[in-house]
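Structural overview
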Amino acid sequence: MQLFSSRGRKGLKVKMAVAAGFATALGLAGAFLAGVTPSLAADLAAQPDTQVAIFMVPLTILILTMLFEVGRFVWRNRIPTSTPTRQRRTNWSVAKTR
């Protein structure tokens, strides 16, 4: 049974996977050409500045991505409207008995 009638954004997923693979290969090639060896990488990872950068760079990318998504929602004017609070009517003074 077919769940969805349209193909959706499968093409975007493939493009993102190819872009991520290309970025990884580019990073590995850059490290190889710069002469980074495992022992040099271990020495770099022991430095406090490198540890802070390893933590802050992905965090900054995450925050910028979230800001981009919020801006995209606002630009398309698709902010969800707030729903009114649901009023529950209960009559606690009358008890049903059988």
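Residues numbered from 1 in each chain as written. Predicted model: local features only at pLDDT ≥ 70, side-chain atom pairs only at ≥ 80, totals over all residues. Heavy atoms only, no water.

**Focus: the overall build of the protein chain**
Operational definition: Helix numbers and strand numbers start at the N terminus; a helix is a DSSP run of H or I with at least 4 residues, a strand a run of E with at least 2. Note on exposure labels: buried denotes an accessible area under 20% of the residue type's maximum, exposed denotes more than 50%, and partly exposed covers the range between, all computed with a 1.4 Å probe on protein chains only.
Within the protein chain, the regular secondary structure consists of three helices and zero strands. Taken from N to C terminus, the helices and strands of the protein chain fall in the order α-α-α. Classification of the 98 residues of the protein chain by burial places 0% in the buried group.

**Section: a nonpolar patch on the surface**
Condition: A residue counts toward a patch only above 30% relative accessible area and without a salt bridge, and it is joined to like-charged neighbours within 9 Å or, for Val, Leu, Ile, Met, Phe, Trp and Tyr, to nonpolar neighbours within 5 Å. Residue burial considers only the protein chains on display, and all accessible areas are found by Shrake-Rupley using a 1.4 Å probe. By definition, a salt bridge exists where a carboxyl oxygen of Asp or Glu is found within 4 Å of a side-chain nitrogen of Lys or Arg.
Taken together, the side chains of V52, F55, M56, L59, L62, I63, L64, M66 and L67 present a nonpolar region at the surface, about 880 Å² in accessible area. Checked against the element boundaries, V52 lands in helix 3 (residues 48-75).

**Some words on helix 3**
Note the threshold: What a helix is expected to span follows from its residue count: subtract one and scale by 1.5 Å.
If you check helix 3, its first and last C-alpha atoms are 40 Å apart, about what 28 residues at 1.5 Å a residue would give, namely 40 Å. Phi turns positive, to about 60 degrees, at N77, one or two residues after helix 3.

**Observations concerning the pattern of salt bridges**
Tallied over the full model, the rule gives one salt bridge. Here E69 makes a salt bridge to R72, at a shortest N to O gap of 2.5 Å. With E69 and R72 both in helix 3 and three residues apart, the pair spans about one turn of that helix.

**Some points on the confidence of the model for the protein chain**
Cut-off, in case you're wondering: Values of pLDDT, which run from 0 to 100, indicate the predictor's confidence residue by residue.
Overall, the predicted model of the protein chain reaches an average pLDDT of 82, with 84% of residues at or above 70. The secondary structure element of the protein chain with the lowest average pLDDT is helix 2 (residues 38-45), at 81, and the one with the highest is helix 3, at 90.

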